[in-house]
Amino acid sequence: MGQGDMAGADVTTVVLVDDHPVVVAGVKAWCAAASPPIEVVDAGPSVAVAWLDPGDRADVVVLDLQLDITGPAYGDLKRLVDAGRQVVVYTMRDDRDTALTCLDIGAFTYLTKAEGEAHLVAAIRAAANNTPYTPPALSGAIGTDTRSNRPRLAPREIDVLLEWFHCESKEMVAKKLKLSVRTVNTYLDRVRVKYASIGREAPTKASLVARAIQDGLIGVDEL
Amino acid sequence: MSLTDPADPDASAGVDADLIVAKFLQGLHWATAATTLGVLFGLQVPVVLGHRDGYSSVAAQFLAIGVFTAVTLVVVVAVRRGRPVGWWRWPMLALVLLVSVLATATVLPGHHFGPPHWSYGTVGWPLALLTLERGIGPLAGLLGTHYAATAIQAAVAGQSTATLAGVVGETVVTASFQVAIGVFATVQRRIASAAVRAAREEERVHTAEAVAAQLHADRRARYAELASTTAPLLAGLASGALDPAHEEVRRACAVEAARMRRLFAEGAEAPDPLLHELRACIDLAERNGVSVQFAQRGERPPVPGAVRRLLTEPAVAALATARSTARVTVVGTGGTVTVSVVADAPPEAVPAVETTELTTSTVVSEERIWVKVTWRART
């Protein structure tokens, strides 16, 4: 179990909401080069592409948070999540509070554009499979979360989160903390599931928790 | 080391200016108050007692003497406490003019400008005392008002035996003393404000000198750090002992350049000096064609300058010697500050920093080196 599971026989489909043509072109290229390929069914500058045919049937929505000057598109994210869509937030904004807010609303994961090349394809696959995925930017945000309603994390879990944020290499984290890469992944996934079980209720969060319990990643009593 | 902003110099200079002017005028206040009281009790009380039949109300005359005395004492107390009369001078001036009008009104017709009309020349003393801090302008205006009011009152009462020459003579004799005081006060105020200006200028020069000396000392302290690392390198290059073509020498030059860049950044008054200094080194690395990722998380306590230099040392070296990519991250959590760098730099080029306050961890994997320095703020 864990990050980077391969998709099933079906081709994963994605709809991409981003107003920058270079980003759209880049994401399409990464998806086409993925193995097996991921199909970008539609892309556009407005969130409407995610609600209209063929975007409404895509497995995963990749959403840029800043589509206009009114600030982060939390409203759009909320409506997509409430409709049961798996949303990968993909944004220029690299700060803790934005990441934690997206997680609280029910985004599947949060990626900064600097991390796109290394993590976007894997995050899309994880979203399609409903298995946790925590890239470094999100990991750093969770590791430094000081809000009163945060879930209780073990010191070791915080170590793993922050080391992953610092070095961006699971192998190096494993070496540093004298763990196996598999164990590092387990720590990250368990933390992600703990976050899915707090705050605002959302169908995507519930299914992430349900899947984690089914897979034996975490016990009901631990949440 | 950095200088904190001194308190607003203009605000403190304003208070100083008031103090200096008050000091200058203090003697004049004492002299005028003493003259006023001397005139009232030495000359005018006997006059009133001797001409009781010259008034329709003797009580009104004593009321006027009482008010003039009270006003004088208020000014004496205010000067004694070192606090100017301020806004209160205006109601007191009105009161003085009012009782002066009352005193004149209760002088029997025919005695105006004569010996019983003591208040005519005397009212100028409390007026001069109250307007001392305001200079000659207000005093001249008030005296003019007083003379005009008295002239009208005397004309309305009629039966005056006074001659124009007599009135002018008496007016000139009394007013000349009072106006002289006003002129003297104005001159002293001018001297005082010149003194204030000189004091302010002196203060400014002192402050500028202190700031310059501090900056110079800071700069010397920082460049002293370079003497142990940069100077031998430059000396070696100059003497030919070090070969610029040699990989290691080139790497040492890159690291020294980055250190100097960090020193230049230290001088600036940035709101977040740690990030400011790191950014300066990231800039340099990016200009050398290294792709740098930077991210920070959490809240950091402020880091003292010397600790900052140690915290960023591995990052500076790694950024200067990275071949193509580097990731720099800063995390603040639970009173600790961590600066971490992952780069494809040669491990021997990145120093490990180890002191009682800092802990360093190094992980080397294949092409990359990861150095993390953590500082714990003393609580």
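What you are looking at is a predicted structure, and each value in this text was computed from that prediction instead of being measured. (Residues numbered from 1 in each chain as written. Chains lettered and ligands numbered in written order. Predicted model: local features only at pLDDT ≥ 70, side-chain atom pairs only at ≥ 80, totals over all residues.)

A. Here's a closer look at the overall build of chain B. Scanning chain B for helices and strands turns up 11 helices and five strands. The buried share of chain B, taken over its 379 residues, is 30%. Long-range pairs, those at least 24 residues apart, make up 73% of the contacts in chain B with a sequence separation of at least 6. (Helix = DSSP H or I, 4+ residues; strand = E, 2+ residues; numbered from the N terminus. Buried ≥ 20, exposed ≤ 12 C-beta atoms within 10 Å, placed from the backbone. Contact = placed C-beta atoms within 7 Å.)

B. Local environment of the pairing of strand 4 (residues 86-91) of chain A. Residues and elements named next belong to chain A. In terms of residue burial, strand 4 counts as a mostly covered element, since six of its six residues are buried. Strand direction decides the pairing type here: strand 3 (residues 60-63) and strand 4, joined by four bridges, are parallel. Pairing of Val-62 across the sheet is with Val-88, part of strand 4. Where strand 4 meets strand 5 (residues 109-112), four bridges bridge the pair, whose relative direction is parallel. If you follow Tyr-90 over to strand 5, its bridge partner there is Leu-111. Chirality of the crossover, the property in question, places the unit of strand 4, helix 4 (residues 96-105) and strand 5 among those that are right-handed. (Pairing = 2+ DSSP bridges. Right-handed = clockwise from strand over helix to strand, strands pointing away.)

C. Representation of the UniProt feature "transmembrane region" (unreviewed entry) in chain B within the structure. Residue and element names in this part refer to chain B. According to UniProt, the feature "transmembrane region" (unreviewed entry) maps to residues 62-81 and 87-108 in the numbering used here. Between the C-alpha atoms that bound residues 62-81 there is a distance of 28 Å. The span itself is 95% helix and 0% strand. Segment residues 87-108 splits into 77% helix and 0% strand. End C-alpha atoms: 36 Å apart. (UniProt positions renumbered as here; feature names shortened; annotations may be inferred.)

D. Here's a closer look at the interface of chain B and chain A. Contacts between chain B and chain A engage 15 residues on the former and 17 residues on the latter. Put simply, the parts of the chain that give the side of chain B that touches chain A at least two residues each are strand 1 (291-298), strand 2 (325-333), strand 3 (336-343), strand 4 (358-365) and strand 5 (368-376) of chain B. Taken together, the residues of the side of chain B that touches chain A sort by class into five nonpolar, seven polar and three charged. (Nonpolar A, V, L, I, M, F, W, Y, C, P; charged D, E, K, R; others polar.)

E. Layout of the environment of Ala-157 of chain B. All names here are of chain B. Turning to its location among the elements, Ala-157 is positioned in helix 6 (residues 136-157). A residue is classified by how many C-beta atoms lie within 10 Å of it, and Ala-157, with 16 of them, is partly exposed. In this view, Ala-157 contacts Pro-109 and His-112; residues no more than four positions away in its chain are not counted.

F. The arrangement of the UniProt feature "modified residue: 4-aspartylphosphate" (unreviewed entry) in chain A in detail. Residue and element names in this part refer to chain A. With numbering aligned to this structure, UniProt lists the feature "modified residue: 4-aspartylphosphate" (unreviewed entry) at Asp-64. In this structure, Asp-64 sits in the loop between strand 3 and helix 3 (74-82). Excluding anything up to four places from it in sequence, Asp-64 contacts Val-17, Asp-18, Asp-19, Tyr-90 and Thr-91.

G. Highlighting the nonpolar core. If you look at the biggest cluster of nonpolar residues, it comprises 107 residues, and the most contacted ones within it are Val-62, Val-88, Val-89 and Ile-124 of chain A together with Ala-318, Leu-319 and Ala-326 of chain B. Ignoring sequence-local partners within four residues, the contact set of Ile-124 of chain A consists of Thr-12, Val-14, Ile-38, Val-60, Val-62 and Val-88 of chain A. One finds Val-75, Ala-128, Leu-139 and Ile-181 of chain B within the second-largest nonpolar core, a separate group that totals 27 residues. (Core = buried A, V, L, I, M, F, W, Y, C linked by C-beta atoms within 7 Å.)

H. How the structure looks around the sheet that holds strand 5 of chain B. If you walk across this open sheet you meet the five strands as 1-2-3-5-4 (chain B), and the pairing is mixed. If you trace the sheet from one side to the other, it starts and ends with strand 1 and strand 4 of chain B, each paired once. Ignoring which end each strand starts from, the neighbouring axes of this sheet average 10° apart. Most of the contacts of helix 8 (residues 170-177) of chain A go to strand 4 of chain B, to which it runs at about 125°, and overall it touches strand 4 and strand 5 of chain B. Running at roughly 10° to strand 3 of chain B, helix 11 (residues 305-321) of chain B makes contact with strand 1, strand 2, strand 3, strand 4 and strand 5 of chain B of the sheet. (Axes fitted to C-alpha atoms, helices over the stretch in contact; angles between N-to-C directions.)

I. Highlighting helix 9 (residues 181-196) of chain A. Residue and element names in this part refer to chain A. An ideal rise of 1.5 Å per residue puts 22 Å on 16 residues; helix 9 measures up with 23 Å between its terminal C-alpha atoms. Among the 16 residues that make up helix 9, 12 are buried, leaving the element largely enclosed by the rest of the structure. The set of residues buried in helix 9 consists of Val-184, Asn-185, Tyr-187, Leu-188, Asp-189, Arg-190, Val-191, Arg-192, Val-193, Lys-194, Tyr-195 and Ala-196. Where helix 9 is buried, its residues contact helix 4, helix 6 (136-143), helix 7 (155-167), helix 8 and helix 10 (203-214). (Expected span 1.5 Å × (residues − 1).)

J. Seen up close, the confidence of the model for chain A. Mean pLDDT over chain A stands at 87; residues scoring 70 or higher make up 95%. Confidence drops under pLDDT 50 across residues 1-9 of chain A; counting only partners more than four residues distant or on other chains, this segment forms 20 contacts. (pLDDT = per-residue confidence, 0-100.)

K. View of unusual backbone geometry. A cis geometry characterises the amide bond from Ser-35 of chain A onward to Pro-36 of chain A, with omega recorded as -5°. Mapped onto the elements of the fold, Pro-36 of chain A is located in the loop between helix 1 (21-33) and strand 2 (39-44). The omega torsion across Asp-53 of chain A and Pro-54 of chain A is 5°, close enough to zero to call that bond cis. A positive phi angle, near 65°, is found at Asn-130 of chain A, a position not held by glycine. Note on placement: Asn-130 of chain A falls in the loop between helix 5 (116-129) and helix 6. Its identity as a non-glycine residue notwithstanding, Phe-113 of chain B has a phi of 65°, on the positive side. Inspection of the secondary structure assignment puts Phe-113 of chain B in the loop between helix 3 (89-105) and helix 4 (119-122).

L. Up close: the packing of helix 6 of chain A against helix 7 of chain A. Residue and element names in this part refer to chain A. Viewed as axis vectors pointing N to C, helix 6 and helix 7 meet at an angle of 140°, and their least axial separation amounts to 8 Å. Between helix 6 and helix 7, the interaxial angle falls into the category oblique. Crossing handedness for the pair helix 6 and helix 7: left-handed. On helix 7, the residues touching Pro-136, Ser-139, Gly-140, Ile-142 and Gly-143 of helix 6 are Ile-158, Leu-161, Leu-162, Trp-164 and Phe-165. Per-class residue counts for the contact of helix 6 with helix 7 are seven nonpolar, three polar and no charged. (Parallel < 35°, antiparallel > 145°, perpendicular 65-115°, else oblique. Left-handed = near helix turned anticlockwise from the far one by under 90°.)

M. Quick peek at the pairing of strand 5 of chain B. Residues and elements named next belong to chain B. By the criterion of burial, strand 5 is predominantly enclosed, with seven of the nine residues buried. Judged from the eight bridges that link them, strand 3 and strand 5 form a sheet pairing that is antiparallel. Its bridge partner being in strand 5, Val-341 is matched across the sheet by Val-371. Sheet topology note: the strand 4/strand 5 ladder contains eight bridges and is antiparallel. From the neighbouring strand, Thr-360 faces strand 5, where its bridge partner is Val-373. Hairpin remark: strand 4 followed by strand 5, antiparallel, with two residues in the connecting loop; positive phi at Glu-366, about 45°.

N. Quick look at the sheet that holds strand 4 of chain A. Residues and elements named next belong to chain A. The parallel open sheet is built from five strands, whose spatial order is 2-1-3-4-5. Lying at the two open borders of the sheet, with one neighbouring strand each, are strand 2 and strand 5. The sheet shows a mean angle of 20° between the axes of neighbouring strands, direction not considered.

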